[in-house]
Amino acid sequence: DTATEENGCLEFAAGRHREGLIGLTADGIVSEEAAAEMDFVPVETQPGDVLVFSSYVPHRSRVNRSPASRRLLYLTYNAAREGYLRDEYYRDKVQRIKSGQLSLIKHFDGVVDSGVGAPSSSSKEEEKAAAAAAVVTGQIYELFDTFGKTMYDPVVTQEEHALQTAALAEASGWGDHLVTAALLHDVGHLLLDEHAGNDSFLESDMCHEEIGAEYLAKHCNFPPSVTEPIRLHVPAKRFLARDPVYWEGLSDASKRSLEVQGGTFSDAEAQAFEALPFSAEAAKLREWDDLGKAKGVATPPLRHFVEGAMRRSLL
């Protein structure tokens, strides 16, 4: 959005970064006394503008009391000599968000100030949920950016397979939660860096379905309606493979992994599987999983599912 003085654009005390940390309180912000001695200059911006500044530059933004929104994308960086800190930063960020703190310093609680009294508790909860969803979407984008271009099999990449599976779920008319499960069903492969380029791929069962489901439940706070079909999509293959027609339709890689994963279910195992919550959803997910391995199939982009069904599943 356009940022103006009226809606609280960023303000900087130019040149003061050379002085190091100035007048910090225990909460990590510049004290009112120190701020009063600084000459803050407002910097109005238009959509598309970029501001780059060091964290040592004293900066602030006023409360937005205008009728216009002031949405900004705020990116954080560190010097390369300090090492790779992104994963540590987001682990800490997720924990703080779960405890209700959006900022790493205590100058901002993430609640929209309407200018008329205190915001409602429901508004606070919605803001927290939206902020937590934003962190999770960033994590998912990073996983696909880092590992999504590796090959799932000789025909499709990990990302192409995920998109095809999600597109099939969406076209079948299932809800956001199962579409999200379809998109993320093999996130365990990404976390484990399992792909067709590794000589050891599919030689042993790394339990990617369990790894993925646990990660999405514990670190991303997805509901069981997303994580359990993911957890069960390998048992679902073992269940469906009891049908010779289904088995014949499996790719060579899926037949190979089926044996590594324990082979087809016995009658007793099949009955136990059917009794599990979300087993029917897992079986549907498995069908789309098996079909989502075709070369050159056009699908919506990753953003379509992440910003759509996945984000709605988190709110």
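Not measured: the values here are computed from a predicted model.

Turning our attention to the packing of aromatic side chains. Applying the stated criterion across every chain, the model contains 5 aromatic pairs. Between F239 and F273 the ring centres are 5.1 Å apart and the planes differ by 35°, which places this aromatic pair in the tilted class. Placement of the pair is F239 in helix α9 (residues 233-240) and F273 in helix α12 (residues 267-274), with a sequence separation of 34 residues. Taking the relative accessible area as the measure of exposure, F239 reaches 17% and is therefore buried. Residue classification places F273 among the buried residues on the basis of a relative accessible area of 4%. Grouped by ring-pair contacts, the aromatic residues F12, F53 and Y74 constitute a single cluster. Positioned above the aromatic ring of F40, the side-chain terminus of R60 is 4.0 Å from the ring centre. Taking NZ or CZ as reference, K255 lies 4.3 Å from the ring centre of W247, over its face.

On to the environment of E307. You can see E307 is positioned in helix α14 (residues 302-314). In the structure, E307 is positioned 174 residues away from A133 in sequence and 9.8 Å away in space, judged by C-alpha atoms. Only 3.0 Å separates the side chain of E307 from the side chain of R311, close enough to count as a polar contact.

Let us now look at the sheet that holds strand β2 (residues 41-42). The strand order across the open sheet formed by 3 strands is β2-β1-β3, and the pairing between neighbours is antiparallel. Two strands in the sheet have a free side with no partner beyond their single neighbour: β2 and β3 (59-61).

Quick look at the nonpolar core now. Residues I140, L183, L184, L216, F222 and M310 are the most contacted members of the largest nonpolar core, which totals 34 residues. Contributing elements (two or more residues each) for this core: α3 (121-147), α4 (158-171), α5 (176-184), α6 (187-192), α7 (208-218), α8 (224-231), α13 (279-291) and α14. Other than its neighbours up to four places away in sequence, I140 contacts L184, L216, V306 and M310. Residues L232, A236, F239 and A282 belong to the second largest nonpolar core, which totals 12 residues.

Attention shifts here to the environment of I29. Take I29: it is sitting in the loop between β1 (10-12) and α1 (32-36). Residue I29 is classed as partly exposed on the basis of its relative accessible area, which comes to 28%. Through-space distance from the C-alpha of I29 to that of R60 is 9.8 Å; in sequence the pair is 31 residues apart.

Let us now look at the side chain of T165. Structurally, the position occupied by T165 is in helix α4. At a separation of 2.8 Å, a polar atom in the side chain of T165 contacts the main-chain carbonyl oxygen of H161. Not counting residues within four places of it along the chain, the set of residues in contact with T165 comprises A182, H185, L285, W288, D289 and G292.

Attention now moves to unusual backbone geometry. Although it is not a glycine, C207 sits at a positive phi angle of roughly 55°. Tracing the chain through its elements places C207 in the loop between α6 and α7. Residues other than glycine seldom take positive phi values, yet N221 does so here, at roughly 65°. For N221, the position within the fold is in the loop between α7 and α8.

On the surface, a nonpolar cluster with roughly 330 Å² of combined accessible area is contributed by L21, L24 and Y56. Position of L24 relative to the elements: it lies in the loop between β1 and α1.

Interhelical geometry of α9 versus α12 gives an angle of 135° and a closest axis separation of 10 Å. Between α9 and α12, the crossing angle belongs to the class labelled oblique. In this structure, the crossing between α9 and α12 has a hand that is left-handed. Across the interface between the two elements, P235, A236, R238 and F239 from α9 touch E269, A270, F273 and E274 from α12. In terms of residue class, the contact of α9 with α12 is made up of 5 nonpolar, no polar and 3 charged.

Counted according to the given criterion, the structure contains 17 salt bridges. When the shortest N-O distance is used, the salt bridge between E210 and R231 registers 2.9 Å. Of this pair, E210 sits in helix α7 while R231 sits in helix α8, and the two are 21 residues apart along the sequence. Judged by its relative accessible area of 15%, R231 falls in the buried class. Across the pair R231 and E214 runs a salt bridge, and its minimum N-O distance is 2.9 Å. On the criterion of sequence distance, the pair formed by R231 in helix α8 and E214 in helix α7 is long-range, its members being 17 residues apart. Put simply, E210, E214, K218, E228 and R231 are held in one network by salt bridges that share partners.

Rules behind the numbers
- Residues numbered from 1 in each chain as written.
- Predicted model: local features only at pLDDT ≥ 70, side-chain atom pairs only at ≥ 80, totals over all residues.
- Heavy atoms only, no water.
- Phe/Tyr/Trp six-rings, centres within 6.5 Å; stacked < 30°, edge-to-face > 60°.
- Helix = DSSP H or I, 4+ residues; strand = E, 2+ residues; numbered from the N terminus.
- Buried < 20%, exposed > 50% of the residue type's maximum accessible area, 1.4 Å probe, protein only.
- Lys NZ or Arg CZ within 6 Å of the ring centre and 35° of its normal.
- Polar contact = N/O pair within 3.5 Å; in protein donor to acceptor, adjacent residues only side chain to side chain.
- Pairing = 2+ DSSP bridges.
- Core = buried A, V, L, I, M, F, W, Y, C linked by side-chain atoms within 4.5 Å.
- Contact = heavy atoms within 4.5 Å.
- Patch = residues over 30% accessible without salt bridge, like charges linked within 9 Å, V, L, I, M, F, W, Y side chains within 5 Å.
- Areas by Shrake-Rupley, 256 points an atom, 1.4 Å probe, with all protein chains shown as cover.
- Salt bridge = Lys/Arg side-chain N within 4 Å of Asp/Glu carboxyl O.
- Axes fitted to C-alpha atoms, helices over the stretch in contact; angles between N-to-C directions.
- Parallel < 35°, antiparallel > 145°, perpendicular 65-115°, else oblique.
- Left-handed = near helix turned anticlockwise from the far one by under 90°.
- Nonpolar A, V, L, I, M, F, W, Y, C, P; charged D, E, K, R; others polar.

This is a description of form; function is not addressed.
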